[in-house]
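In case you want the letters, here they are:
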Amino acid sequence: MGLSMPAGSVRAALAEVLLSSAPAAESVGSRVSRIHQDLLARSPYIRTANFTAIHPGDLAFLFDAYDREFLGGLCRPALEGIPVGFRLSPRMTRAGGKTILYRLPSGGSKYEIAIAGSMLFDGFRENDRRITVCGLECRDRLEALQRIFEHEMVHLGELLCWEKSDCTAARFQGIAARLFLHRAHTHDLITRKERAAASGIRVGARVAFHFDGRRLTGRVNRITRRATVLVEDPDGVKHSDGVRYKIYYVPIAGLAVILEPPGDSEPPGPAA
Ligand SMILES: [Zn+2]
């Protein structure tokens, strides 16, 4: 194998690796920890396994390392010159990663692997519960990042070889299990929602926050990266309970929970 292979046969060779390579568990373990050690040794950002900084260059490093260790170095040439970009997303609040094929207006295309940076940083704090990614327990942020990245590498490999990728399907799960010993295609990283719930901020909770120098109180209606809070206001929009509310988007850290007796905590919906 080498760079003189015609592009089509590079993809065929990559497909062969994806479908039939099944290294022994011990060998998978030693390759994975070699990547772990190499990244720690070389990255100017990832200095400890529970790193506090990360750079897209670290993802590019992981791409080359996984390509070399697990895919026979076939993934890079199989791209046939299509660029692959790496991004850390602060906004992904549920998926741990995402691999996207963009069709550009110019007619060309581009792959992008995005990793949920905020979710990695949200987890692995002191006294946190255990976390599994892809069905494997992760001791630190770098292990979680590697499991997410392995999952995304399978997506990219499938896209290159078959133009479609589905992590709920048997082909994907077979590849992920053989190459990386994954047992699931999901993670249980601590989401903003869970963090918020742990601090008493849940849908229906009464909360107080400051806005434009005023202290407002309202009820949490939705939680994503921020909380959606409904505040009674005569200038607001009428909701299903007949009351007018204005909607505020407040960072969870900016909310204080107002304790109240249980019951009566269903948030009203907008009036139809
Ligand atoms: Zn997936």
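Everything quoted here is computed from the prediction, not taken from an experiment.

To continue, consider the pairing of strand β6 (residues 206-211). Where β6 lies against strand β7 (residues 214-223), six bridges are found, and the strand directions are antiparallel. Within the sheet, the bridge partner assigned to V207 lies in β7 and is G218. The hairpin formed by β6 and β7 contains two residues between the paired strands, and D212 there has a positive phi angle of roughly 50°. Relative to strand β10 (residues 256-257), β6 runs antiparallel, the two being bridged by two bridges. Within β10, the position partnered with A208 by the bridge is A256.

Counted according to the given criterion, the structure contains nine salt bridges. With its nearest N and O atoms 3.2 Å apart, the salt bridge here joins R76 to D64. Of this pair, R76 sits in helix α4 (residues 75-78) while D64 is found in helix α3 (residues 56-70), placing the two residues 12 residues apart along the sequence. Residue classification places R76 among the partly exposed residues on the basis of a relative accessible area of 39%. On the basis of relative accessibility, which here comes to 33%, the residue D64 falls in the partly exposed class. The residue R130 makes a salt bridge to E137 at a minimum N-O spacing of 3.0 Å. The partly exposed category is assigned to E137, whose relative accessible area is 44%.

By size, the foremost hydrophobic cluster in this structure holds 62 residues, and its most contacted members are L59, Y66, F70, L71, I115, L145 and F149. The element that contributes the greatest number of residues to this core is helix α6 (residues 141-162), accounting for 11 residues. Dropping the residues within four chain positions of it, L59 is found in contact with I54, F86, R87, L88, I115, L145 and F149. The next biggest cluster of nonpolar side chains, apart from the first, holds 14 residues, and it includes L216, I223, Y248 and I252.

Relative to the 32 Å expected for 22 residues at 1.5 Å per residue, α6 spans 31 Å between its end C-alpha atoms, a close match to the ideal helical length. With 21 of 22 residues buried, α6 lies mostly within the body of the structure. The backbone nitrogen of L142 has a side-chain oxygen 3.2 Å away, supplied by the residue at the start of α6, namely D140. Once α6 ends, the next one or two residues include E163, with phi positive near 65°.

Moving on to the domain arrangement of the chain. Assigned domains within the chain: domain 1 (7-190) and domain 2 (194-257). Listed by partner, the interface residues are nine residues for domain 1 and four residues for domain 2. Summed over both sides, the interface between domain 1 and domain 2 buries roughly 550 Å², with carbon and sulfur atoms accounting for 42% of that surface. For the interface between domain 1 and domain 2, the tally reads zero salt bridges. At the junction of domain 1 and domain 2, the tally comes to zero residue pairs in polar contact (both at pLDDT 80 or more). Here the side of domain 1 that touches domain 2 is composed, by residue class, of two nonpolar, two polar and five charged.

Located in the positive-phi region is C134, a residue other than glycine, with phi close to 60°. By the element assignment, C134 lies in the loop between β4 (131-133) and β5 (136-138). Despite not being glycine, D212 has its phi angle at roughly 50°, a positive value.

The rules behind each value
- Residues numbered from 1 in each chain as written.
- Predicted model: local features only at pLDDT ≥ 70, side-chain atom pairs only at ≥ 80, totals over all residues.
- Heavy atoms only, no water.
- Pairing = 2+ DSSP bridges.
- Helix = DSSP H or I, 4+ residues; strand = E, 2+ residues; numbered from the N terminus.
- Salt bridge = Lys/Arg side-chain N within 4 Å of Asp/Glu carboxyl O.
- Buried < 20%, exposed > 50% of the residue type's maximum accessible area, 1.4 Å probe, protein only.
- Core = buried A, V, L, I, M, F, W, Y, C linked by side-chain atoms within 4.5 Å.
- Contact = heavy atoms within 4.5 Å.
- Expected span 1.5 Å × (residues − 1).
- Polar contact = N/O pair within 3.5 Å; in protein donor to acceptor, adjacent residues only side chain to side chain.
- Domains from an automatic or database assignment.
- Buried area = accessible area lost by both parts, 1.4 Å probe.
- Nonpolar A, V, L, I, M, F, W, Y, C, P; charged D, E, K, R; others polar.

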